[in-house]
Amino acid sequence: MTEPAPAMAPRLSMLQVLLCGAAIVMLSMGIRHGFGLWLLPITAEQGWTRETFAFAIAIQNLAWGVFGIFAGMLADRFGAFKVLVAGAVLYALGLVGMALAQTSFLFVLTTGLLIGAAQAGTTFAVIYGVIGRQVPAERRSWAMGVAAAAGSFGQFLLVPVEGWLILSFGWQEALLILAAVVLLIAPLAWGLREPVLGAGGAPVVREQSIMQALREAARYRSFQLLMAGYFVCGFQVVFIGVHLPSYLKDFGLAPHVASYALALIGLFNVFGTYIAGALGQRLAKRKILAFIYLARSVAITLFLLAPLTPASVYLFAAVMGLLWLSTVPPTNALVAQIFGVAHLSMLGGFVFFSHQIGSFLGVWLGGLLYDQTGSYDVVWLLAIGLGVLAAVVNLPINEQPIRRGPQRLQGAPT
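Residues numbered from 1 in each chain as written. Predicted model: local features only at pLDDT ≥ 70, side-chain atom pairs only at ≥ 80, totals over all residues. Heavy atoms only, no water.

*Asks:* Before we move on, could you go through the overall build of the protein and cite the residues and values that matter?
*Replies:* In terms of regular secondary structure, the protein is built from 18 helices and 0 strands. Relative to a compact globule of 414 residues, whose C-alpha radius of gyration would be 22 Å, the protein shows 20 Å and is just as compact. Looking at the protein as a whole, 59% of its 414 residues are labelled buried. Restricting the contact set of the protein to residue pairs at least 6 apart, pairs at least 24 apart contribute 87%. Summing over all exposed atoms, the protein offers an accessible surface of approximately 15500 Å²; the carbon and sulfur share of this is 71%. Of the charged side chains in the protein, 22 are positive and 14 negative, and the gap between their average positions amounts to 13 Å. (Helix = DSSP H or I, 4+ residues; strand = E, 2+ residues; numbered from the N terminus. Rg over C-alpha atoms; globule rule 2.2 N^0.38 Å. Buried < 20%, exposed > 50% of the residue type's maximum accessible area, 1.4 Å probe, protein only. Contact = heavy atoms within 4.5 Å. Areas by Shrake-Rupley, 256 points an atom, 1.4 Å probe, with all protein chains shown as cover. Lys, Arg positive; Asp, Glu negative; His and termini not counted. Charge placed at Lys NZ, Arg CZ, Asp CG, Glu CD.)

Structure representation (C-alpha coordinates):
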(Lines give C-alpha, C1' and ligand atoms only; values in the text may rest on other atoms or scores of the structure.)
Protein backbone atom coordinates (compact mmCIF):
# COMPACT_ATOMS: atom_id res chain seq x y z
CA MET A 1 0.00 0.00 0.00
CA THR A 2 1.41 3.38 -0.96
CA GLU A 3 1.27 6.46 1.21
CA PRO A 4 -1.90 8.52 0.61
CA ALA A 5 -1.26 11.64 -1.42
CA PRO A 6 -1.46 14.93 0.46
CA ALA A 7 -4.65 16.87 0.04
CA MET A 8 -2.73 19.87 -1.26
CA ALA A 9 0.45 20.24 -3.26
CA PRO A 10 3.47 21.60 -1.38
CA ARG A 11 3.46 25.41 -1.35
CA LEU A 12 7.01 26.08 -0.21
CA SER A 13 9.83 25.48 -2.65
CA MET A 14 12.09 22.60 -1.72
CA LEU A 15 15.11 24.91 -2.01
CA GLN A 16 13.60 27.35 0.50
CA VAL A 17 12.71 24.56 2.93
CA LEU A 18 16.18 23.03 2.72
CA LEU A 19 18.11 26.32 2.99
CA CYS A 20 16.18 27.66 5.98
CA GLY A 21 15.80 24.28 7.68
CA ALA A 22 19.46 23.43 7.21
CA ALA A 23 20.63 26.80 8.55
CA ILE A 24 18.47 26.43 11.67
CA VAL A 25 19.71 22.91 12.36
CA MET A 26 23.28 24.04 11.72
CA LEU A 27 23.04 26.74 14.39
CA SER A 28 21.13 24.71 16.97
CA MET A 29 23.12 21.50 16.65
CA GLY A 30 26.45 23.22 16.03
CA ILE A 31 26.28 25.08 19.34
CA ARG A 32 25.15 22.10 21.43
CA HIS A 33 27.85 19.79 20.02
CA GLY A 34 30.50 21.99 21.61
CA PHE A 35 29.18 21.82 25.19
CA GLY A 36 31.83 19.27 26.11
CA LEU A 37 34.44 22.04 25.75
CA TRP A 38 32.94 23.76 28.80
CA LEU A 39 33.17 20.74 31.12
CA LEU A 40 36.67 21.38 32.46
CA PRO A 41 36.62 25.21 32.70
CA ILE A 42 33.22 25.30 34.43
CA THR A 43 33.93 22.49 36.90
CA ALA A 44 37.36 23.95 37.68
CA GLU A 45 36.05 27.45 38.40
CA GLN A 46 32.88 26.38 40.23
CA GLY A 47 34.51 23.54 42.18
CA TRP A 48 31.99 21.01 40.85
CA THR A 49 32.56 17.35 39.97
CA ARG A 50 32.31 16.04 36.44
CA GLU A 51 29.11 14.29 37.46
CA THR A 52 27.53 17.68 38.27
CA PHE A 53 28.22 18.98 34.77
CA ALA A 54 27.30 15.65 33.18
CA PHE A 55 24.02 15.51 35.10
CA ALA A 56 23.02 18.95 33.77
CA ILE A 57 23.75 17.86 30.20
CA ALA A 58 21.90 14.59 30.88
CA ILE A 59 18.84 16.55 32.05
CA GLN A 60 19.20 18.70 28.94
CA ASN A 61 18.99 15.65 26.71
CA LEU A 62 16.07 14.20 28.65
CA ALA A 63 14.22 17.54 28.57
CA TRP A 64 14.91 17.77 24.85
CA GLY A 65 13.22 14.40 24.41
CA VAL A 66 10.21 15.16 26.63
CA PHE A 67 9.56 18.63 25.23
CA GLY A 68 10.23 17.34 21.72
CA ILE A 69 6.98 15.38 21.82
CA PHE A 70 4.96 18.50 22.62
CA ALA A 71 6.97 20.68 20.23
CA GLY A 72 6.15 18.15 17.52
CA MET A 73 2.44 18.23 18.37
CA LEU A 74 2.39 22.04 18.26
CA ALA A 75 4.33 22.16 15.01
CA ASP A 76 2.01 19.61 13.38
CA ARG A 77 -1.01 21.65 14.42
CA PHE A 78 0.12 25.29 14.21
CA GLY A 79 3.21 25.14 12.03
CA ALA A 80 6.93 25.24 12.66
CA PHE A 81 7.41 29.02 12.62
CA LYS A 82 5.97 29.82 16.06
CA VAL A 83 7.67 26.83 17.67
CA LEU A 84 11.04 27.77 16.19
CA VAL A 85 10.84 31.39 17.34
CA ALA A 86 9.93 30.32 20.88
CA GLY A 87 12.77 27.79 20.82
CA ALA A 88 15.29 30.43 19.73
CA VAL A 89 14.34 32.71 22.63
CA LEU A 90 14.56 29.86 25.14
CA TYR A 91 17.93 28.83 23.73
CA ALA A 92 19.35 32.33 24.24
CA LEU A 93 18.00 32.53 27.78
CA GLY A 94 19.41 29.09 28.58
CA LEU A 95 22.90 30.02 27.35
CA VAL A 96 22.81 33.19 29.44
CA GLY A 97 21.78 31.10 32.46
CA MET A 98 24.55 28.59 31.75
CA ALA A 99 27.05 31.45 31.85
CA LEU A 100 25.75 33.12 35.01
CA ALA A 101 24.51 30.23 37.20
CA GLN A 102 26.37 30.18 40.52
CA THR A 103 24.79 27.05 42.02
CA SER A 104 24.46 23.54 40.66
CA PHE A 105 20.66 23.79 40.93
CA LEU A 106 20.50 26.89 38.71
CA PHE A 107 23.02 25.31 36.35
CA VAL A 108 20.80 22.25 35.92
CA LEU A 109 17.71 24.44 35.56
CA THR A 110 19.19 26.59 32.77
CA THR A 111 21.72 24.31 31.07
CA GLY A 112 19.45 21.31 31.52
CA LEU A 113 15.75 22.16 31.38
CA LEU A 114 15.81 25.48 29.52
CA ILE A 115 18.29 24.59 26.78
CA GLY A 116 16.74 21.12 26.48
CA ALA A 117 13.31 22.65 25.83
CA ALA A 118 14.90 25.07 23.36
CA GLN A 119 16.57 22.27 21.41
CA ALA A 120 13.23 20.46 21.20
CA GLY A 121 11.82 23.43 19.31
CA THR A 122 14.79 24.14 17.04
CA THR A 123 16.02 20.78 15.76
CA PHE A 124 15.04 17.68 13.85
CA ALA A 125 11.49 16.90 15.01
CA VAL A 126 10.20 20.32 13.96
CA ILE A 127 12.33 20.70 10.81
CA TYR A 128 11.61 17.17 9.62
CA GLY A 129 7.89 17.78 10.06
CA VAL A 130 8.11 20.62 7.54
CA ILE A 131 10.23 18.50 5.19
CA GLY A 132 7.75 15.63 5.47
CA ARG A 133 4.83 17.89 4.57
CA GLN A 134 6.53 19.98 1.91
CA VAL A 135 8.86 17.54 0.12
CA PRO A 136 7.46 14.71 -2.06
CA ALA A 137 7.90 11.18 -0.70
CA GLU A 138 10.32 10.21 -3.48
CA ARG A 139 12.76 12.93 -2.33
CA ARG A 140 12.02 12.89 1.40
CA SER A 141 14.83 10.66 2.69
CA TRP A 142 17.35 12.60 0.61
CA ALA A 143 16.02 15.93 1.91
CA MET A 144 16.24 14.71 5.49
CA GLY A 145 19.82 13.70 4.81
CA VAL A 146 20.58 17.23 3.62
CA ALA A 147 19.13 18.73 6.83
CA ALA A 148 21.07 16.30 9.02
CA ALA A 149 24.24 17.04 7.06
CA ALA A 150 23.71 20.73 7.83
CA GLY A 151 23.66 19.91 11.54
CA SER A 152 26.95 18.13 11.09
CA PHE A 153 28.45 21.02 9.17
CA GLY A 154 27.39 23.24 12.06
CA GLN A 155 29.44 21.03 14.37
CA PHE A 156 32.45 21.25 12.06
CA LEU A 157 32.06 25.02 11.74
CA LEU A 158 31.05 26.06 15.24
CA VAL A 159 32.94 23.73 17.61
CA PRO A 160 36.36 25.21 16.71
CA VAL A 161 34.80 28.68 16.93
CA GLU A 162 33.49 27.86 20.41
CA GLY A 163 36.94 26.67 21.45
CA TRP A 164 38.44 29.90 20.12
CA LEU A 165 35.82 32.00 21.93
CA ILE A 166 36.62 30.28 25.23
CA LEU A 167 40.36 30.87 24.81
CA SER A 168 39.93 34.46 23.58
CA PHE A 169 37.17 35.81 25.81
CA GLY A 170 36.68 33.30 28.64
CA TRP A 171 34.04 30.62 29.05
CA GLN A 172 31.32 32.93 30.39
CA GLU A 173 31.70 35.58 27.70
CA ALA A 174 31.76 32.85 25.04
CA LEU A 175 28.35 31.63 26.17
CA LEU A 176 26.91 35.15 26.09
CA ILE A 177 28.16 35.63 22.52
CA LEU A 178 26.51 32.36 21.50
CA ALA A 179 23.27 33.50 23.14
CA ALA A 180 23.17 36.42 20.70
CA VAL A 181 24.11 34.25 17.73
CA VAL A 182 21.38 31.66 18.35
CA LEU A 183 18.68 34.33 17.97
CA LEU A 184 19.38 34.21 14.22
CA ILE A 185 17.09 31.17 14.20
CA ALA A 186 14.05 33.45 14.52
CA PRO A 187 14.39 35.25 11.15
CA LEU A 188 15.38 31.99 9.45
CA ALA A 189 12.16 30.42 10.73
CA TRP A 190 10.18 32.91 8.61
CA GLY A 191 11.17 30.87 5.56
CA LEU A 192 9.41 27.80 7.00
CA ARG A 193 5.99 29.41 7.44
CA GLU A 194 3.58 26.98 5.82
CA PRO A 195 0.83 28.94 4.04
CA VAL A 196 -1.97 26.45 4.76
CA LEU A 197 -1.22 26.47 8.46
CA GLY A 198 -0.90 30.24 8.43
CA ALA A 199 -4.47 30.43 7.13
CA GLY A 200 -5.68 28.31 10.03
CA GLY A 201 -5.97 25.06 8.11
CA ALA A 202 -4.21 21.73 8.31
CA PRO A 203 -1.38 20.80 5.93
CA VAL A 204 -2.67 17.29 5.17
CA VAL A 205 -5.81 15.27 5.62
CA ARG A 206 -5.82 13.77 9.12
CA GLU A 207 -7.27 10.27 9.23
CA GLN A 208 -6.56 10.00 12.95
CA SER A 209 -6.61 12.06 16.10
CA ILE A 210 -3.40 12.50 18.08
CA MET A 211 -4.39 9.75 20.52
CA GLN A 212 -5.32 7.34 17.73
CA ALA A 213 -1.96 7.91 16.06
CA LEU A 214 -0.15 7.38 19.37
CA ARG A 215 -2.00 4.17 20.16
CA GLU A 216 -1.35 2.80 16.71
CA ALA A 217 2.37 3.53 16.85
CA ALA A 218 2.83 2.36 20.45
CA ARG A 219 1.34 -1.07 19.66
CA TYR A 220 3.22 -1.53 16.41
CA ARG A 221 6.22 -3.81 16.81
CA SER A 222 8.39 -2.09 14.22
CA PHE A 223 7.93 1.27 15.95
CA GLN A 224 9.05 -0.30 19.22
CA LEU A 225 12.17 -1.75 17.57
CA LEU A 226 12.97 1.59 15.94
CA MET A 227 12.75 3.31 19.33
CA ALA A 228 15.02 0.68 20.90
CA GLY A 229 17.70 1.24 18.28
CA TYR A 230 17.50 5.01 18.58
CA PHE A 231 18.03 4.71 22.35
CA VAL A 232 21.46 3.28 21.61
CA CYS A 233 22.22 6.06 19.14
CA GLY A 234 21.67 8.65 21.87
CA PHE A 235 23.77 6.73 24.41
CA GLN A 236 26.76 6.51 22.09
CA VAL A 237 26.94 9.93 20.48
CA VAL A 238 26.25 12.05 23.57
CA PHE A 239 28.67 10.11 25.75
CA ILE A 240 31.39 10.57 23.13
CA GLY A 241 30.48 14.16 22.32
CA VAL A 242 30.57 15.34 25.94
CA HIS A 243 33.25 13.15 27.50
CA LEU A 244 35.76 12.68 24.68
CA PRO A 245 37.55 16.01 25.38
CA SER A 246 38.04 15.06 29.05
CA TYR A 247 39.04 11.49 28.12
CA LEU A 248 41.77 12.80 25.84
CA LYS A 249 42.92 15.37 28.42
CA ASP A 250 43.24 12.59 31.02
CA PHE A 251 45.72 10.85 28.73
CA GLY A 252 47.80 13.98 28.29
CA LEU A 253 46.69 15.09 24.84
CA ALA A 254 46.52 18.83 24.16
CA PRO A 255 43.08 20.54 24.31
CA HIS A 256 43.18 21.40 20.60
CA VAL A 257 43.17 17.67 19.78
CA ALA A 258 39.67 17.37 21.23
CA SER A 259 38.45 20.47 19.39
CA TYR A 260 39.80 19.19 16.10
CA ALA A 261 38.36 15.74 16.77
CA LEU A 262 34.87 17.10 17.38
CA ALA A 263 35.19 19.27 14.29
CA LEU A 264 36.25 16.23 12.23
CA ILE A 265 33.22 14.33 13.48
CA GLY A 266 31.07 17.18 12.22
CA LEU A 267 32.88 17.43 8.88
CA PHE A 268 32.71 13.73 8.06
CA ASN A 269 29.14 13.49 9.25
CA VAL A 270 28.19 15.98 6.54
CA PHE A 271 29.05 13.20 4.11
CA GLY A 272 27.73 10.39 6.31
CA THR A 273 24.27 11.86 6.80
CA TYR A 274 23.94 12.88 3.17
CA ILE A 275 24.96 9.41 2.00
CA ALA A 276 22.58 7.75 4.48
CA GLY A 277 19.71 9.92 3.28
CA ALA A 278 20.49 9.23 -0.39
CA LEU A 279 20.86 5.49 0.18
CA GLY A 280 17.53 5.50 2.01
CA GLN A 281 15.85 6.20 -1.33
CA ARG A 282 17.34 3.00 -2.77
CA LEU A 283 18.08 0.49 0.00
CA ALA A 284 16.17 -0.95 2.94
CA LYS A 285 16.46 1.61 5.71
CA ARG A 286 16.53 -1.03 8.46
CA LYS A 287 19.68 -2.52 6.91
CA ILE A 288 21.32 0.90 6.71
CA LEU A 289 20.60 1.44 10.42
CA ALA A 290 21.88 -2.02 11.39
CA PHE A 291 25.13 -1.39 9.52
CA ILE A 292 25.63 2.00 11.17
CA TYR A 293 25.20 0.66 14.71
CA LEU A 294 27.46 -2.33 14.12
CA ALA A 295 30.12 -0.17 12.47
CA ARG A 296 30.11 2.18 15.47
CA SER A 297 30.86 -0.72 17.82
CA VAL A 298 33.71 -1.87 15.61
CA ALA A 299 35.14 1.67 15.42
CA ILE A 300 35.01 2.15 19.21
CA THR A 301 36.66 -1.24 19.81
CA LEU A 302 39.54 -0.48 17.44
CA PHE A 303 39.97 3.00 18.97
CA LEU A 304 40.34 1.54 22.46
CA LEU A 305 42.77 -1.14 21.31
CA ALA A 306 45.03 1.19 19.31
CA PRO A 307 47.72 3.41 20.89
CA LEU A 308 46.21 6.78 21.81
CA THR A 309 47.85 9.45 19.65
CA PRO A 310 46.53 12.53 17.87
CA ALA A 311 46.56 10.55 14.64
CA SER A 312 44.45 7.71 16.09
CA VAL A 313 42.04 10.24 17.59
CA TYR A 314 41.58 12.00 14.26
CA LEU A 315 41.08 8.70 12.44
CA PHE A 316 38.48 7.62 15.02
CA ALA A 317 36.75 10.99 14.72
CA ALA A 318 36.59 10.72 10.94
CA VAL A 319 35.10 7.21 11.04
CA MET A 320 32.64 8.09 13.79
CA GLY A 321 31.74 11.22 11.86
CA LEU A 322 30.57 9.12 8.93
CA LEU A 323 28.29 7.25 11.38
CA TRP A 324 27.39 10.09 13.77
CA LEU A 325 23.98 11.49 12.77
CA SER A 326 23.62 9.21 9.79
CA THR A 327 20.93 7.33 11.74
CA VAL A 328 18.67 10.40 11.67
CA PRO A 329 17.50 10.45 8.01
CA PRO A 330 16.62 6.72 7.73
CA THR A 331 14.97 6.69 11.16
CA ASN A 332 12.69 9.65 10.46
CA ALA A 333 12.06 8.57 6.88
CA LEU A 334 10.93 5.19 8.23
CA VAL A 335 8.43 6.88 10.56
CA ALA A 336 7.01 8.86 7.62
CA GLN A 337 7.02 5.80 5.36
CA ILE A 338 5.18 3.58 7.84
CA PHE A 339 2.71 6.04 9.38
CA GLY A 340 2.43 8.91 6.89
CA VAL A 341 3.17 12.58 7.49
CA ALA A 342 0.05 13.89 9.25
CA HIS A 343 1.57 13.33 12.71
CA LEU A 344 5.20 13.06 11.64
CA SER A 345 6.66 15.68 14.02
CA MET A 346 4.87 14.14 17.00
CA LEU A 347 5.79 10.52 16.21
CA GLY A 348 9.32 11.61 15.38
CA GLY A 349 9.34 13.31 18.76
CA PHE A 350 8.45 10.05 20.50
CA VAL A 351 11.20 8.17 18.70
CA PHE A 352 13.59 10.96 19.59
CA PHE A 353 12.49 10.76 23.23
CA SER A 354 13.88 7.22 23.28
CA HIS A 355 17.09 8.62 21.78
CA GLN A 356 17.26 11.18 24.57
CA ILE A 357 16.76 8.62 27.33
CA GLY A 358 19.84 6.94 25.91
CA SER A 359 21.58 10.32 25.79
CA PHE A 360 20.72 10.95 29.44
CA LEU A 361 22.22 7.64 30.51
CA GLY A 362 25.27 7.93 28.28
CA VAL A 363 26.36 11.34 29.49
CA TRP A 364 25.35 10.88 33.12
CA LEU A 365 26.89 7.42 33.51
CA GLY A 366 30.03 8.78 31.90
CA GLY A 367 30.40 11.33 34.70
CA LEU A 368 29.14 9.08 37.50
CA LEU A 369 31.31 6.07 36.68
CA TYR A 370 34.34 8.26 36.06
CA ASP A 371 34.00 9.78 39.52
CA GLN A 372 33.59 6.31 41.05
CA THR A 373 36.23 4.38 39.10
CA GLY A 374 38.59 7.03 37.77
CA SER A 375 38.10 5.97 34.14
CA TYR A 376 35.56 5.75 31.32
CA ASP A 377 36.26 2.07 30.58
CA VAL A 378 32.89 0.69 31.69
CA VAL A 379 30.92 3.18 29.60
CA TRP A 380 33.04 2.52 26.52
CA LEU A 381 32.25 -1.19 26.88
CA LEU A 382 28.54 -0.43 27.29
CA ALA A 383 28.62 1.64 24.10
CA ILE A 384 30.15 -1.28 22.21
CA GLY A 385 27.65 -3.87 23.49
CA LEU A 386 24.62 -1.64 22.92
CA GLY A 387 25.73 -0.96 19.35
CA VAL A 388 25.68 -4.67 18.56
CA LEU A 389 22.24 -4.98 20.17
CA ALA A 390 20.89 -2.05 18.13
CA ALA A 391 22.11 -3.64 14.91
CA VAL A 392 20.19 -6.81 15.76
CA VAL A 393 16.88 -5.15 16.72
CA ASN A 394 16.72 -3.01 13.56
CA LEU A 395 16.83 -5.93 11.13
CA PRO A 396 13.24 -7.25 11.75
CA ILE A 397 11.58 -3.83 11.16
CA ASN A 398 8.75 -3.92 8.61
CA GLU A 399 9.13 -0.91 6.32
CA GLN A 400 5.79 -1.23 4.55
CA PRO A 401 3.18 1.52 5.14
CA ILE A 402 0.77 0.49 7.85
CA ARG A 403 -2.71 -0.53 6.68
CA ARG A 404 -5.68 1.18 8.26
CA GLY A 405 -9.33 0.33 8.20
CA PRO A 406 -10.82 -3.21 8.36
CA GLN A 407 -7.41 -4.79 7.66
CA ARG A 408 -5.53 -2.47 9.99
CA LEU A 409 -2.52 -4.03 11.74
CA GLN A 410 -2.91 -4.07 15.49
CA GLY A 411 0.73 -4.29 16.48
CA ALA A 412 1.18 -7.88 15.38
CA PRO A 413 4.74 -9.05 15.12
CA THR A 414 6.31 -7.94 11.87
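*Asks:* Can you tell me about a nonpolar patch on the surface, naming the residues and giving the values?
*Replies:* Together, V66, F67, F70, F105, L106, L109 and L113 line one region of the surface with nonpolar side chains, adding up to about 640 Å² of accessible area. Those elements giving two or more residues to the nonpolar patch turn out to be α3 (50–78) and α5 (104–120). At 4 residues, α5 tops the list of elements feeding residues into the nonpolar patch. Its location among the elements puts L109 in helix α5. (Patch = residues over 30% accessible without salt bridge, like charges linked within 9 Å, V, L, I, M, F, W, Y side chains within 5 Å. Salt bridge = Lys/Arg side-chain N within 4 Å of Asp/Glu carboxyl O.)

*Asks:* Tell me about the pattern of salt bridges, and please be specific about residues and values.
*Replies:* By the definition in use, this model includes 3 salt bridges. Between R50 and D250 there is a salt bridge; the shortest N-O distance is 3.0 Å. Placement of the pair is R50 in helix α3 and D250 in helix α12 (residues 221–250), with a sequence separation of 200 residues. Looking at D250, the relative accessible area reads 35%, which means it is partly exposed. Two residues, E194 and R133, come together in a salt bridge whose shortest N-O distance is 2.9 Å. Of the two residues, E194 is situated in the loop between α9 (185–189) and α10 (195–198) and R133 in helix α6 (residues 124–134); the sequence distance between them amounts to 61 residues. We classify E194 as buried; its relative accessible area is 5%.

*Asks:* An account of the packing of α12 against helix α17 (residues 344–373) is requested, with residue identities and associated values reported.
*Replies:* At a minimum axis distance of 6 Å, the contact between α12 and α17 shows a crossing angle of 35 degrees. The element α12 and its partner α17 pack so that their crossing is right-handed. (Axes fitted to C-alpha atoms, helices over the stretch in contact; angles between N-to-C directions. Left-handed = near helix turned anticlockwise from the far one by under 90°.)

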